[in-house]
Amino acid sequence: QVQLVESGGGLVQAGGSLRLSCAASGVMFSRYTMGWYRQAPGKQRELVAFITSDGRPNYADSVKERFTISRDNAKNTVYLQMNSLKPEDTAVYYCSAGLPDAPPRYWGQGTQVSVSS
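Here goes a summary of the coordinates provided. (Residues numbered from 1 in each chain as written. Predicted model: local features only at pLDDT ≥ 70, side-chain atom pairs only at ≥ 80, totals over all residues. Heavy atoms only, no water.)

Some words on the nonpolar core
Counting 28 residues, the largest nonpolar core has Met-34, Trp-36, Val-78, Leu-80, Met-82 and Tyr-93 as the members making the most contacts within it. Residue assignment for this core shows that the elements contributing at least two residues are β3 (18–25), β4 (33–39), β5 (46–51), β7 (67–72), β8 (77–82), β9 (91–98) and β11 (111–116). Beyond its immediate chain neighbours, meaning those up to four positions away, Val-78 contacts Leu-20, Ser-21, Cys-22, Phe-29, Met-34, Trp-36, Ile-51, Ile-69, Ser-70, Arg-71 and Cys-95. (Core = buried A, V, L, I, M, F, W, Y, C linked by side-chain atoms within 4.5 Å. Buried < 20%, exposed > 50% of the residue type's maximum accessible area, 1.4 Å probe, protein only. Helix = DSSP H or I, 4+ residues; strand = E, 2+ residues; numbered from the N terminus. Contact = heavy atoms within 4.5 Å.)

This is the structure we're talking about:
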């Protein structure tokens, strides 16, 4: 059974930082592209960042230079370091896992990130 469990969300003031973690089980983690998506109230889910199985990161333009995605294959965990947070970053953040060049196959339950102005 595949499980993706996010943690690290919370409430932070604008300009602050948070680090999200996603622990995976039931998958051959090192083979999967891992991603972070977010969904704000009334909006569609959008890609934030993903990291390929060989460690190459990609970012949405809205988070470049502020967010950093990384992975630790020994711990089956992917991270999202979020700096210089803005109120518009407020959303539920979801971890995803998918095979290379394919849409996400698995999703976590989400973790709330709220940024106050």
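Comments concerning the state of the cysteines
For the structure shown, the criterion picks out one disulfide. Covalent S-S linkage joins Cys-22 and Cys-95, the inter-sulfur distance amounting to 2.1 Å. Between Cys-22 and Cys-95, the disulfide has an S-S torsion of -80° and is therefore left-handed. Within this pair, whereas Cys-22 is found in strand β3, its partner Cys-95 is found in strand β9, the two being separated by 73 residues in sequence. Of the two residues, Cys-22 and Cys-95, both sit in the buried class. (Disulfide = S-S within 2.5 Å.)

Focus: the pattern of salt bridges
The tally for this structure, following the rule as stated, stands at five salt bridges. Note that Asp-54 is salt-bridged to Arg-56, the shortest N-O span being 3.2 Å. Here Asp-61 ties to Lys-64 by a salt bridge, and the two come within 3.2 Å at their closest N and O atoms. With relative accessibility at 41%, the residue Lys-64 sits in the partly exposed group. Put simply, Arg-38, Glu-46, Arg-66 and Asp-89 are held in one network by salt bridges that share partners. (Salt bridge = Lys/Arg side-chain N within 4 Å of Asp/Glu carboxyl O.)

Topic: the packing of aromatic side chains
As enumerated under the stated definition, the model contains two aromatic pairs in all. Consider the rings of Tyr-32 and Tyr-106, whose centres lie 6.2 Å apart with planes at 45°: the pair is tilted. In this pair, Tyr-32 is assigned in the loop between β3 and β4 and Tyr-106 in strand β10 (residues 106–107), connecting sequence segments 74 residues apart. Tyr-106 gets classed as partly exposed once you look at its relative accessible area, which sits at 24%. Relative to Trp-107, the ring of Tyr-37 has its centre 4.9 Å away and its plane inclined at 70°; by these criteria the two rings are edge-to-face. Linking Tyr-37 in strand β4 with Trp-107 in strand β10, this pair joins segments that are 70 residues apart in sequence. Tyr-37 gets classed as buried once you look at its relative accessible area, which sits at 17%. The positively charged end of Arg-19 is found above the aromatic ring belonging to Tyr-79, 4.0 Å away from the centroid. Between Arg-71 and the ring centre of Phe-29, over which it is positioned, the NZ or CZ distance is 4.6 Å. (Phe/Tyr/Trp six-rings, centres within 6.5 Å; stacked < 30°, edge-to-face > 60°. Lys NZ or Arg CZ within 6 Å of the ring centre and 35° of its normal.)

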